[in-house]
Amino acid sequence: MATDYDAPRRDTEESGDDSLEELKARRADAQSGSVDVDEVEVAENFELPGADLADEELTVKVLPMQNDEFRCSSCFLVHHRSQLAVEKKGRLICRDCAA
């Protein structure tokens, strides 16, 4: 039986006095009802502290492909030559895509 750790606890003396019908009624009340939460609204209103990135620009240094690298013809990622699995008709395939 699952235990609800958030439910208020009662003394052990009280628990013996409950009738079967009362326990069944409590159980039905606890399990009934649905949560009316609009996930989109909650996500829109959720803000991280200090996360105002509206005026930020991302600067990344892009390096050209090196001599010991290749671009996979399947996933189009740049890999080191040690990841080369197959070369078919001029198409280079990495180990991840060949598997």
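Residues numbered from 1 in each chain as written. Predicted model: local features only at pLDDT ≥ 70, side-chain atom pairs only at ≥ 80, totals over all residues. Heavy atoms only, no water.

1. Regarding a negative patch on the surface
A cluster of acidic residues, Glu47, Asp52, Asp55, Glu56 and Glu57, forms a negative patch on the protein surface. Among the structural elements, Glu56 can be located in the loop between α3 (39–45) and β1 (69–71). Relative accessible area serves as the criterion here: at 55%, Glu56 is assigned to the exposed category. (Patch = residues over 30% accessible without salt bridge, like charges linked within 9 Å, V, L, I, M, F, W, Y side chains within 5 Å. Areas by Shrake-Rupley, 256 points an atom, 1.4 Å probe, with all protein chains shown as cover. Salt bridge = Lys/Arg side-chain N within 4 Å of Asp/Glu carboxyl O. Lys, Arg positive; Asp, Glu negative; His and termini not counted. Charge placed at Lys NZ, Arg CZ, Asp CG, Glu CD. Helix = DSSP H or I, 4+ residues; strand = E, 2+ residues; numbered from the N terminus. Buried < 20%, exposed > 50% of the residue type's maximum accessible area, 1.4 Å probe, protein only.)

2. Points about the pairing of strand β4 (residues 91–94)
Moving residue by residue along a regular strand, the side chains alternate between the two faces of the sheet. As judged from the four bridges shared by strand β3 (residues 84–88) and β4, these two strands associate in the antiparallel manner. The residue bridging Glu87 from the neighbouring strand is Leu92, located in β4. Taking the residues between adjacent antiparallel strands as the criterion, β3 and β4 are bridged by two residues, where Lys89 takes a positive phi near 50°. (Pairing = 2+ DSSP bridges.)

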